[in-house]
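One-letter residues, chain by chain:
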Amino acid sequence: MTVHFIGAGPGAPDLLTLRAARLIAAAPVVLYAGALVPPEVLAHAPADAKVVDTQHLDLDAIVAEYEAAHAAGHDVARLHSGDLSIYSAAAEQMRRLDDLGIPYDVTPGVPAFAAAAAALGCELTVPEVAQTVILTRYGRLASKIPAGEELSGLAAHGTTLVVHLGTQAIGEIAETLTPHYGADCPAAVVARASWPDELVLRGTVGTIAQLVTAAGVKRTATILVGPALAARGFRDSHLYSKARDR
C-alpha cells in the first residue's frame, strides 16, 4: 500500500489535478483536512471508501489510521488544502511514516498564493520591478519563526511578499512593513481564494489593515504586498522579445 499525500488545491473543486482525482478514486481510505477541502473533491472517492475528517484528530490518531490501512493493505489518499510544499504539516506525518516503514508519495496541488494572485489578476514577478517572491507566515501563535526569518528582515528586500496565516495580526504586519515598503505600496488580502465566497481586498500598506478589519476577515486569507501588484509601464519581458536569440 501507499499513502498518497495530495494537494487538493485552494478550494475550487475543478482546480484538483487529474492525478489527484485518479488517486482519490482508487483509494479505499481517504483522510482530509476538515472544512478546507470541499465536498466535491471528496465525491471522487469510491462509494464504500472510509472517509475520515482529520481536523479534530491529533498526530497520533492520524498515524493510527495509516497503520490500520497499512495492515489491511489499503492505499490512503491523504488530502491537504493547497499544496504540500508549504505550511501543510505533512513533514511530521512523513517522518512518522519513515519510522514505521510505510511508503508514501506526494502529488502537488495549486497553492493558495497562486490562487490569490489569480484572483488579483496579476503576476507576482514583473520585469525590473520584482523578480523574487518571498513566502512566509506570521509567527504570533504557532511555532516560532527561525532566527533570521523575522518579517522585518524579509521586508527589507522590498520585493513581492506573501504572508500566510497572518490576517488576525494584519495591523502588526502593516506596521512592520511600512518602514520598508512605505505606506503607499500596493497591498492586498484575498480571503478563501477560488471559493464561491472569495473576497478580494485591495489597498496599500497604510490602508489594508483597516479594510481587513471592516470586512471582518480573520482567517483563510493570504496577504500580498509589493510594487508588482500594481505595476504599470514596465518593460516587456525578454521571453517574447524580438531581440532574443531563437
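Everything numeric here is computed off the predicted structure, so don't read it as measured data.

Student: Could you give an account of helix H3 (residues 59–72), with specific residues and numbers?
Tutor: Along its 14 residues, H3 runs 20 Å from first to last C-alpha, staying within 8% of the 20 Å computed at 1.5 Å per residue. A distance of 3.3 Å separates the backbone nitrogen of Asp60 from a side-chain oxygen at the start of H3, and that oxygen is part of Asp58. Of the residues trailing H3, Gly73 is marked for its positive phi of about 75°.

Student: Which residues make up the packing of aromatic side chains, and what are the values?
Tutor: Applying the stated criterion across every chain yields a total of two aromatic pairs. Measuring from centroid to centroid gives 6.2 Å for Phe5 and Tyr66, while their planes differ by 70°, and the two rings are edge-to-face. Here Tyr66 lies in helix H3 and Phe5 lies in strand E1 (residues 3–7), a separation of 61 residues in the sequence. A centroid spacing of 5.8 Å and a plane angle of 85° characterise the contact between Phe5 and Tyr104, whose relative ring orientation is edge-to-face. Taken together, the residues span a long stretch of sequence, with Phe5 in strand E1 and Tyr104 in strand E5 (residues 104–107) at a distance of 99 residues. When its relative accessible area of 0% is taken as the criterion, Phe5 is described as buried. On the accessibility criterion, Tyr104 (28% relative accessible area) is partly exposed. One aromatic cluster is present, built from ring pairs that chain together Phe5, Tyr66 and Tyr104. The ring of Trp195 has Arg192 sitting right over it, with the charged end atom 4.1 Å from the ring centre.

Student: Describe in detail empty space enclosed by the protein, supporting the description with residues and values.
Tutor: Under the defined criterion, the tally for this structure stands at one cavity of 30 Å³ or more. The volume enclosed by the largest cavity comes to roughly 30 Å³. Mapped onto the lining of the largest cavity, the elements with two or more residues apiece are helix H7 (170–181) and strand E10 (221–225). Looking at the lining of the largest cavity, the element that brings in the most residues is H7, giving four residues.

Student: Summarise the state of the cysteines; cite the residues concerned and give the values.
Tutor: Disulfides are covalent bonds that link the sulfur atoms of two cysteine residues. Taken as a whole and judged by the stated rule, the model has zero disulfides. With no disulfide of its own, Cys122 lies 12 Å from the sulfur of Cys185, the closest cysteine sulfur. Cys185 gets classed as buried once you look at its relative accessible area, which sits at 8%.

Student: A description of the nonpolar core should follow, citing residues and the corresponding values.
Tutor: Note that soluble globular proteins tend to have their nonpolar side chains buried in a common cluster. Counting 25 residues, the largest nonpolar core has Leu177, Tyr181 and Val225 as its most contacted members. Secondary-structure elements contributing two or more residues to this core are helix H6 (151–155), strand E7 (160–164), H7, strand E8 (186–191), helix H8 (208–215) and E10. A per-element tally of this core places H7 first, with four residues. Filtering out sequence-adjacent residues up to four positions away, Tyr181 remains in contact with Ala155, Gly158, Thr159, Leu161, Val205, Val225 and Gly226. Membership of the second largest hydrophobic core comes to 17 residues, among which are Ile24, Val30, Leu42 and Ala49.

Student: Now, about the environment of Phe234: what can you tell me, with residues and values included?
Tutor: Secondary-structure assignment places Phe234 in the segment after E10. With 105 residues separating them in the primary sequence, Phe234 and Val129 have C-alpha atoms 7.4 Å apart. Beyond its immediate chain neighbours, meaning those up to four positions away, Phe234 contacts Val126, Pro127 and Val129.

Student: Residue-level account of the side chain of Gln93, with values.
Tutor: Tracing the sequence through the fold places Gln93 in helix H4 (residues 90–100). Only 2.5 Å separates the side chain of Gln93 from the side chain of Tyr66, close enough to count as a polar contact. Not counting residues within four places of it along the chain, the set of residues in contact with Gln93 comprises Phe5, Leu59, Ile62, Tyr66, Arg78 and His80.

Student: Go over the packing of H3 against H4, please, and point to the residues and values.
Tutor: Orientation of H3 relative to H4, taken along the N-to-C sense of each, is 45°, at an axis distance of 11 Å. For the element pair H3 / H4, the angle class is oblique. Relative to H4, the crossing made by H3 is right-handed. Contacts between H3 and H4 involve Leu59, Asp60, Ile62, Val63, Tyr66 and Glu67 from the former and Glu92, Gln93, Arg96, Leu97 and Leu100 from the latter. Considering only residue class, the contact of H3 with H4 consists of six nonpolar, one polar and four charged.

Calculation notes
Residues numbered from 1 in each chain as written. Predicted model: local features only at pLDDT ≥ 70, side-chain atom pairs only at ≥ 80, totals over all residues. Heavy atoms only, no water. Helix = DSSP H or I, 4+ residues; strand = E, 2+ residues; numbered from the N terminus. Expected span 1.5 Å × (residues − 1). Polar contact = N/O pair within 3.5 Å; in protein donor to acceptor, adjacent residues only side chain to side chain. Phe/Tyr/Trp six-rings, centres within 6.5 Å; stacked < 30°, edge-to-face > 60°. Buried < 20%, exposed > 50% of the residue type's maximum accessible area, 1.4 Å probe, protein only. Lys NZ or Arg CZ within 6 Å of the ring centre and 35° of its normal. 1 Å grid on protein atoms, 1.4 Å probe; cavity = no way out; pocket = protein on both sides within 12 Å on 5 of 7 lines; lining within 4 Å. Points joined across faces, edges and corners; volume = space filled by probe spheres on them. Disulfide = S-S within 2.5 Å. Core = buried A, V, L, I, M, F, W, Y, C linked by side-chain atoms within 4.5 Å. Contact = heavy atoms within 4.5 Å. Axes fitted to C-alpha atoms, helices over the stretch in contact; angles between N-to-C directions. Parallel < 35°, antiparallel > 145°, perpendicular 65-115°, else oblique. Left-handed = near helix turned anticlockwise from the far one by under 90°. Nonpolar A, V, L, I, M, F, W, Y, C, P; charged D, E, K, R; others polar.

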